[in-house]
Amino acid sequence: MASPRRLLRTARQLTSIKTPLLTSQFPRHVSTTPSPPSPSPPSPPLPPKNLKPLTESQREMLSSFLRVNQAGELAATLIYTAQTPPILAREPHLRPLMKHMYDQEADHLRVFNSLIAKHRVRPTALYPLWSVLATGLGWSTAVMGKEAAMACTEAVETEIGGHYNAQIRELLKMVSEWEAEGYDVGEEFTELISTLRRIRDEELEHLDHAVEHDAQKAEPHWLLTGVIRAGCRGAIWVSERV
Amino acid sequence: MAAAARPALKRALPSLRSSTFLPRQQQPQCHHHVPTSRRSLSTTPSHRNDTQPTTPSDEETHFGFSTVTTSQKRALVASVFTSVADSYDKMNDLMSFGWHRIWKDHFVSTLNPGFSPLSSTSPTSPQHILDIAGGTGDIAFRLLHHAHTVNSNPNVKVTISDINRAMLSVGKSRSAALPASQQAALSFVEANAEDLRKTRPLTPILSQTEQTFFDPATATSGLEDDSVDLYTVAFGIRNFSDIPAALAEAYRVLKPGGVFACLEFSKADKHPLFNSVYKEWSFRAIPLIGQLVAGDRDSYQYLVESIERFPRQEEFRDLIKGAGFRVSGDGGWEDLTGGVAAIHRGMKPRE
Amino acid sequence: MASPAAVNCSGAARRILLLPTTTTQPATRSFPGRLSAVTSRPITTLPSTPRTKSKSTPKTQPPTTPPPQPLQTRRTYHSTTHPPPPSPFTQAETTLLTSALTSHIPTHGFTLPSLTLAARDLSLLDISPSFLGPSPVARLIHFHLYTTRTTLPSLASQHSDLLSGLSVSGKIELLTWLRLKQNEPIIQHWQQALAVMAQPSQVPVAVRELAMLADEIYYLAGDKSVDPSWYTKRAALSGIYAAAELFMTTDKSEGFQETRRFLRRRLQEAEELGGAVRSVGEWVGFTASAGVNVLRSKGVRI
């Protein structure tokens, strides 16, 4: 299981390179490292951008991206909520870690909720089902032990990290096609791509935390992670459509 | 690619250069003619063919899955339809389980020829309908019935045009069963849809050695610009050598506001399971049935392959738009029976 | 796809853009609509096969273009900056149908004579409405539904002073009422139009338009829900709107007051029902968490 993590980490590091594709167009860069704000003189108003109309399939794609991301973050939030009491009952020193991860997931959920509302995307219809399943998954793995709970986190974050990578790649492809055709790329999509990158990095950070906290030591590790990853993939597939 | 295809064609059809063109069916009035010999499609247009060695008629086109020149295709298509003229209905029934009648009924009723608002003070307005490649009269008779009987508009004239005189003759003999008023509104014209400036009223085929398809050199008249209200073509356009030319001619003869309507076999691949069953039926069963029923496997093989080669709905819609027609926003076509057939409609705009 | 801008990319970054995510799961997910454009291939010529020896197996068929994804007219992702999607009606259709709607529908209703007279007005032929499709009348009604829905935002901005002082539910009521009033000029023919749209071939179109109308009204009212109530609210509003529209076709009161009262009553009922469901849900949630906490306090490790 180490090689997917290494690939993901490499992918994360390399895609956070400032791509001249996008930086040539705007003063704001899209790397994941935050830069300190620099005072600048008021710039003259920019000319109106030449933006290409989105095709029907692109709209479908973006709609399914936001929908499945919302479902994913909802599930992650509920998993942490359900995992926290049983874990902390045994290992109270993990409270800061659990709180930190939960806060980040809650922030991700807020981000996607606002994006869905802003772009009038249909939220996932199986919201109650994902809520129940996520709570059940979090609680049952936490009851099995800290290692099992961490293995669950590791499995979920691996799937989600790969999933975000795929989305970012599709968006970059779409954006580079526009640029090849001579259109501009608006802030809407540069911000979306940078938001997805940031969230993906934080998810991979959770993955690292889970492994540091003995996720690999869960018995039986292969079964737990296999089942949970398969379940995640199934849930992702369904949420993209329903 | 073209240069490579030619030697392959010649290898595959070695008699292409040597044998003469012998249309099989010479008595279209005889409805019980049983073909005795298996007709070969490996023929060359003979000296009776009007092809001059000019570039347009030597352009490559497809004949089913083979590559031929435009003039060869015309002759080969003519031979196919001459041989099936008598059993055209049977052929259609076999290919579509009799469903073609429903398609044709739907085609004509949705076009609604001859309709005039009752509340208007002007009398029922005249309409001139041109039915292309409609030799045996299937569509034309339905159009006449709908206009004269259903819409009570006797001012509707239908002109049936076909390049194949055998098919036209079958249609003419069938039209004798129509009411007199409808027969009076019907006319038969020999023409090539790719150039409607040259037409000739149907001349009966008198001898076995006569060419059964229209020779533009014998043209006596032509269709004028802006003279047709409704242009229909049903199950004919896939046999044309040059579809864009036919569409351009349709645009020319239609009046501004005139409607182009085409009923043709199309792609059913939006329903993969149904489509695979349909394909199996087409490629395996239909030529076999043609062999058993009409003794003419090659014609049916050609027909099935020509369906496969016809552009899909979106591409054909784009061809229609490219000719200048305006189409509807919901695709511009209507799928019938899951896409096995499709009706494309367009309107010539007012400039 | 090599773009000129990609030349500036470093080789590593360019490779990474193509890198698979994990070794176990290839990142080939089929989204509902493929991003890559459908390649349409021209009719290619094949090497000929001997025709005299026909085998029983199907001959090699020419490569067929893959079937494109079905045309969806639902709105999915609304971009705040990019141009909106094109109308499902082409220019020629719009001209003809607008002329029919404004000049002839009030007198002749949603029928073929209206379309034919509109075609004559535009110096077209009697046969011209046939290009609209197999059912020109249904296309006309669809056009009416589409134009009333897409002019709702401008109507809302005209009444923005009225809207600004209202709560979300008040805005819903006013916006629905504005949409109902758009049917006023043709209300005497609307029952006939509803009957046409109730035909099985037209039901998908009608249902889709109704759903998009409910979504539009909620969006204009400022609703930002992203949980399952998104669905229940829109479903409820669709049902209420359809009922009110039907009620309006038989309403003879002054200014359709009865319809407005009907609408208010239905919306109020829906709100009460929603409130009741929410209360029950809250109670169940509190009771469940209280029970779990009691068990934990007894030492059960859950």
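Just so it is clear, the structure is predicted and the values come from calculations on it, not from any experiment.

### Quick notes on the overall build of chain B
Scanning chain B from terminus to terminus reveals twelve helices and ten strands. Contacts in chain B between residues at least 24 apart in sequence constitute 73% of all its contacts with a sequence separation of at least 6. Per element, the accessible surface of chain B, about 13,800 Å² overall, is 59% carbon and sulfur.

### Considerations on the UniProt feature "binding site: S-adenosyl-L-methionine" (unreviewed entry) in chain B
All names here are of chain B. UniProt annotation of "binding site: S-adenosyl-L-methionine" (unreviewed entry) refers to T136, D162, N192 and A193 when read in the numbering used here. Take T136: it is sitting in the loop between β3 (127-132) and α6 (138-150). By relative accessible area, T136 is classed as buried at 3%. Relative to the helices and strands, D162 resides in strand β4 (residues 156-162).

### Regarding the pairing of strand β5 (residues 186-192) of chain B
Residue and element names in this part refer to chain B. For β5, the buried fraction is high: six of the seven residues fall into the buried class. Relative to β5, β4 runs parallel, the two sharing five bridges. The partner of I160 across the bridge, within β5, is F188. Sheet topology note: the β5/strand β6 (residues 195-201) ladder contains four bridges and is antiparallel. Residue pairing across strands places E190 opposite R200, the latter belonging to β6. Connecting β5 to the antiparallel partner β6 that follows it, the hairpin turn spans two residues.

### What about the packing of helix α3 (residues 56-90) of chain A against helix α7 (residues 187-212) of chain A?
Residues and elements named next belong to chain A. Contact geometry for α3 and α7: axes closest at 13 Å, N-to-C directions at 30°. The angle between the axes of α3 and α7 places the two elements in the roughly parallel class. Here the hand of the crossing between α3 and α7 comes out left-handed. On α7, the residues that touch L62, L66, N69, E73 and Y80 of α3 are F189, L192, L196, I199, E203 and H206. For the contact of α3 with α7, a count of residues per class yields seven nonpolar, two polar and two charged.

### Looking at the sheet that holds strand β10 (residues 341-347) of chain B
All names here are of chain B. On the basis of which strands lie adjacent, the open sheet formed by eight strands has the order β6-β5-β4-β3-β7-β8-β10-β9 and mixed pairing. The sheet terminates laterally at β6 and β9 (333-336), the two strands that pair on one side only. The sheet shows a mean angle of 25° between the axes of neighbouring strands, direction not considered. Against the sheet, α6 makes contact with β3, β4, β5 and β7 (228-234), and its axis sits at roughly 175° relative to β4, the strand it touches most.

### Quick notes on helix α4 (residues 88-96) of chain B
Residue and element names in this part refer to chain B. When we look at burial in α4, the residues that qualify are Y88, M91, N92, M95 and S96. Each buried residue of α4 sits inside an arc of 105° when the element is viewed along its axis, so together they form one side. One or two residues past the end of α4 sits F97, with phi positive at roughly 55°.

### Focus: unusual backbone geometry
Of note in the backbone geometry, R120 of chain A takes a positive phi value of approximately 55° without being a glycine. Secondary-structure assignment places R120 of chain A in the loop between α4 (95-118) and α5 (127-144). One non-glycine residue, T337 of chain B, lies in positive phi territory at about 50°. Relative to the helices and strands, T337 of chain B resides in the loop between β9 and β10.

### As for the nonpolar core
Core analysis: the largest hydrophobic core is formed by 108 residues, its most contacted members being L186 and L263 of chain B together with F110 of chain C. When residues of this core are assigned to their parent elements, the largest contribution, seven residues, is made by helix α4 (residues 136-150) of chain C. What L186 of chain B contacts, discounting residues up to four positions off in sequence, is A140, F141, L144, V158, I160, S175 and L178 of chain B. Counting 38 residues, the second largest nonpolar core, distinct from the first, contains L66, L115, V156 and L192 of chain A.

### Here's the deal with the pairing of β7 of chain B
All names here are of chain B. Most of β7 is tucked away, with seven of its seven residues classed as buried. Where β3 lies against β7, four bridges are found, and the strand directions are parallel. Pairing of D131 across the sheet is with T232, part of β7. Relative to strand β8 (residues 254-265), β7 runs parallel, the two being bridged by six bridges. Bridge pairing links T232 to A261 in β8.

### Notes on the confidence of the model for chain C
Residues and elements named next belong to chain C. Mean pLDDT for chain C: 80, with 75% of residues reaching 70 or above. In the model, residues 1-61 has pLDDT below 50 throughout and makes 123 contacts with residues more than four positions away in sequence or in other chains. Below a pLDDT of 50 lies the segment residues 63-73, which in the model reaches 25 contacts outside its immediate sequence neighbourhood of four places, other chains included. Model confidence for the complex: the whole-complex pTM is 0.78, and ipTM, which rates the interface, is 0.77.

### Description of the UniProt feature "domain: COQ9 C-terminal" (unreviewed entry) in chain C
In the numbering adopted here, UniProt assigns the feature "domain: COQ9 C-terminal" (unreviewed entry) to residues 203-273 of chain C. The span residues 203-273 of chain C carries 79% helix and 0% strand; its end-to-end C-alpha distance comes to 28 Å.

Basis of the calculations
Numbers given to residues run from 1 along each chain, matching the order in which its sequence is written. Lettering for chains starts from A, numbering for ligands starts from 1, and both go in the order in which the items are written. Restriction of local features to residues with pLDDT of at least 70 applies here, the model being predicted, together with a cutoff of 80 or more for giving and counting side-chain atom pairs; totals for whole chains, interfaces and linings are based on all residues. Heavy atoms from the whole structure form the basis of all side-chain values; hydrogens and water molecules are not counted. Working definition: helices are DSSP H or I runs of at least four residues, strands are E runs of at least two. Numbering for both runs from the N terminus. Pairs of residues are marked as contacts when any of their non-hydrogen atoms sit within 4.5 Å. For every accessible area listed, the method is Shrake-Rupley and the probe measures 1.4 Å; residues are considered covered only by the protein chains on display. UniProt positions are given in the numbering used here, feature names are shortened, and annotations may be inferred rather than shown by experiment. Accessible area is worked out with a 1.4 Å probe on protein chains only. A residue is then buried under 20% of its type maximum, exposed over 50%, and partly exposed in between. In this description, strands pair whenever DSSP reports at least two bridges between them. Axis definition: a line fit to C-alpha positions, over the contact stretch in the case of helices; interaxial angles, taken between N-to-C directions, run 0 to 180 degrees. With respect to orientation, any angle under 35 degrees is reported as roughly parallel, any angle over 145 as roughly antiparallel, any angle of 65 to 115 as roughly perpendicular, and every other angle as oblique. Note on convention: near helix rotated counterclockwise from far helix by under a right angle means a left-handed crossing. Clockwise means right-handed. When residues are sorted by character, Ala, Val, Leu, Ile, Met, Phe, Trp, Tyr, Cys and Pro go into the nonpolar class, Asp, Glu, Lys and Arg into the charged class, and all the rest, Gly among them, into the polar class. Regarding the arc, it is the one traced by the directions from the helix axis to the C-beta atoms. Buried Ala, Val, Leu, Ile, Met, Phe, Trp, Tyr and Cys residues that are joined via side-chain atoms within 4.5 Å together make up what is termed a nonpolar core. Confidence per residue, as judged by the predictor, is encoded in pLDDT with a range of 0 to 100.

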